[in-house]
Amino acid sequence: MKKTLLGECLAEFIGTFIFLFIGLAAVVSLVAGGSDITWAELTLTWGFAVMLGVYIAGHISGAHLNPAVTISLAVWSGFRRSKVIPYIAAQILGAFAGAATVYAIYRNMILAYEQGAGIVRSTAGGRATASMFSTFPQSGLSLLQAGLIELIITAVLMLVILAVTDGRNGAAPRAGLAAVSIGLTVAVLGIGFGRLTGFAMNPARDLGPRLLLLLSGWGTNALGPNLYGLIVPVFGPIAGALAGGAVYHKLIAPFYPAMPAVVLSAKDQDQPAS
């Protein structure tokens, strides 16, 4: 059991590392490096990064890669609750490692960009470079508004995750295409809502890099206005994933057509959607 849990946590760490490493590199190259990519291309990069992380970790851990998903699966889908804290720890560490690796690679470019723009990390202006790693709200959004946005888009993401991984759903994609569906969902939600809150939808995706910011000169400025970074991208996604799980299990899954008993083996029935 310990060996199995270790492998699952390593898969969660590596899968989360991969999607943060790719996604954050795209953001840094756009902001500090001036790369010529559009917002839609940036969100698609994040979507494909998530897809790759799912493909890497999926067969071992279920590729949650997101504390909100792990918590929702434990509440609604039978995921073993003793694994929740180890999974979340692995996800946050993977996100931190992904962000730290990107920062190490792009450090000189980031420093040059800050020097050229007169940015001091520990001041309010430091948000210009801190936002390359963590999410911040659009000017004018209250904590409540931003939290509701994160709640809603994470609920949609959770609905898709459950739908495309549920063997009872005859419309679910086959042959490993669930990861593509999940990645595209992240991308289209980013296109539609990302400019408002940065479409965190994942406490680890935001908290891991934010810990790096706290240790790398941005100080408490990295937390955003009114401690935004400790509230909205953490609790908004968790509430959203729980809401999405409730909607799926109470309002959608009960109405799937009954399947013949021979279709689902006992092993299949014991597996939570993840």
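Residues numbered from 1 in each chain as written. Predicted model: local features only at pLDDT ≥ 70, side-chain atom pairs only at ≥ 80, totals over all residues. Heavy atoms only, no water.

As annotated in an unreviewed UniProt entry, the protein is Glycerol uptake facilitator protein from Paenibacillus macerans. Regarding the protein, the relevant UniProt record gives this comment under Subcellular location (unreviewed entry): "Membrane". Per UniProt, the comment on the protein under Sequence similarities (unreviewed entry) is "Belongs to the MIP/aquaporin (TC 1.A.8) family." (UniProt positions renumbered as here; feature names shortened; annotations may be inferred.)

**Q** Even after reading the chapter, I still don't get a nonpolar patch on the surface, so can you show me in this structure?
**A** Together, Leu-6, Leu-10, Ile-14 and Ile-56 give the surface a local cluster of nonpolar side chains, amounting to about 360 Å² of exposed area. With respect to the helices and strands, the residue Ile-56 is situated in helix α2 (residues 39-61). (Patch = residues over 30% accessible without salt bridge, like charges linked within 9 Å, V, L, I, M, F, W, Y side chains within 5 Å. Areas by Shrake-Rupley, 256 points an atom, 1.4 Å probe, with all protein chains shown as cover. Salt bridge = Lys/Arg side-chain N within 4 Å of Asp/Glu carboxyl O. Helix = DSSP H or I, 4+ residues; strand = E, 2+ residues; numbered from the N terminus.)

**Q** Sorry if this is basic, but what is going on with the packing of helix α3 (residues 67-76) against helix α9 (residues 228-252) here?
**A** Think of two packed helices as two axes; the pair is described by the angle between the axes and how far apart they sit. One can describe the packing of α3 onto α9 by two numbers: an axis separation of 8 Å at closest approach and a directional angle of 35°. Between α3 and α9 lies a crossing of right-handed hand. The segment α3 lies against α9, with Ala-68, Val-69, Ile-71, Ser-72, Val-75 and Trp-76 engaging Pro-237, Ile-238, Ala-241, Leu-242, Gly-245, Ala-246, His-249 and Lys-250. Here the residues of the contact of α3 with α9 sort into 10 nonpolar, three polar and one charged. (Axes fitted to C-alpha atoms, helices over the stretch in contact; angles between N-to-C directions. Left-handed = near helix turned anticlockwise from the far one by under 90°. Contact = heavy atoms within 4.5 Å. Nonpolar A, V, L, I, M, F, W, Y, C, P; charged D, E, K, R; others polar.)

**Q** Could you clarify how one ought to interpret the UniProt feature "transmembrane region" (unreviewed entry) in the protein in this entry?
**A** Per the UniProt entry, the sites bearing "transmembrane region" (unreviewed entry) are residues 12-32, 84-106, 143-164, 176-196 and 227-248 in this numbering. As annotated, residues 176-196 comprises 90% helix and 0% strand, and the C-alpha atoms at either end are separated by 32 Å.

**Q** What is the right way to look at the side chain of Thr-197 in this model?
**A** Within the fold, Thr-197 resides in helix α7 (residues 178-197). Among the polar contacts listed, one links the side chain of Thr-197 to the side chain of Glu-150, at a separation of 2.6 Å. For Thr-197, the contacting residues outside a window of four places in its chain are Thr-135, Phe-136, Leu-141, Ala-146, Ile-149, Glu-150 and Tyr-228. (Polar contact = N/O pair within 3.5 Å; in protein donor to acceptor, adjacent residues only side chain to side chain.)

**Q** Help me out: how do you make sense of unusual backbone geometry in this one?
**A** Glycine aside, negative phi is the norm for most residues, and most peptide bonds take the trans geometry. Phi at Phe-199 is positive, roughly 40°, even though this residue is not glycine. Notably, Leu-227 is not glycine yet its phi reads approximately 55°, a positive angle. Along the chain, the position of Leu-227 falls in the loop between α8 (203-215) and α9.

**Q** Which parts of the structure should I look at to understand the side chain of Arg-205?
**A** Residue placement: Arg-205 occurs in helix α8. Put simply, Arg-205 is tucked away with no salt bridge, and the nearest opposite charge, on Asp-206, sits 4.5 Å away. A distance of 3.0 Å separates the side chain of Arg-205 from the backbone oxygen of Phe-133, its partner in a polar contact. Ignoring anything within four residues of it in the chain, the contact list for Arg-205 reads Phe-19, Leu-20, Leu-24, Trp-46, Ala-95, Phe-133, Ser-134, Thr-135 and Ala-200. (Buried < 20%, exposed > 50% of the residue type's maximum accessible area, 1.4 Å probe, protein only. Lys, Arg positive; Asp, Glu negative; His and termini not counted.)

**Q** Quick question: what am I supposed to make of the nonpolar core here?
**A** Nonpolar side chains tend to gather and get buried jointly when the protein is soluble and globular. In terms of nonpolar packing, the biggest core is built from 62 residues, with Trp-46 and Phe-133 touching the most fellow members. Those elements that provide at least two residues to this core are α1 (2-31), α2, α3, α4 (84-117), α6 (143-164), α7, α8 and α9. Residues contacting Phe-133, with those up to four places away along its chain left out, are Leu-24, Val-28, Ala-99, Val-102, Tyr-103, Ile-110, Arg-205, Pro-209, Leu-212 and Leu-213. (Core = buried A, V, L, I, M, F, W, Y, C linked by side-chain atoms within 4.5 Å.)

**Q** Even after reading the chapter, I still don't get α3, so can you show me in this structure?
**A** Residues spaced three or four apart along an α-helix face the same direction, because each turn holds 3.6 residues. Extensive coverage of α3 is indicated by the burial of seven of its 10 residues. If you check which residues of α3 are buried, you get Pro-67, Ala-68, Val-69, Thr-70, Ser-72, Leu-73 and Ala-74. Looking at the buried residues of α3, the elements they touch are α4, α6, α8 and α9. Of the residues flanking the start of α3, the one acting as N-cap is Asn-66, its side-chain oxygen 2.9 Å from the backbone nitrogen of Ala-68.

**Q** In this structure, what is going on with the pattern of salt bridges? I would like to understand it.
**A** Close approach of charged atoms allows side chains with opposite charge to pair. In total, this model carries four salt bridges according to the counting rule given. Here Glu-8 and Lys-83 are joined by a salt bridge, their closest N and O atoms 3.0 Å apart. Separated by 75 residues along the polypeptide, Glu-8 in helix α1 and Lys-83 in the loop between α3 and α4 bring together distant segments of the chain. Relative accessible area serves as the criterion here: at 11%, Lys-83 is assigned to the buried category. Linking Arg-168 and Asp-166 is a salt bridge whose minimum nitrogen-to-oxygen distance equals 2.8 Å. According to the relative accessible area criterion, Asp-166 is buried, its value standing at 8%.

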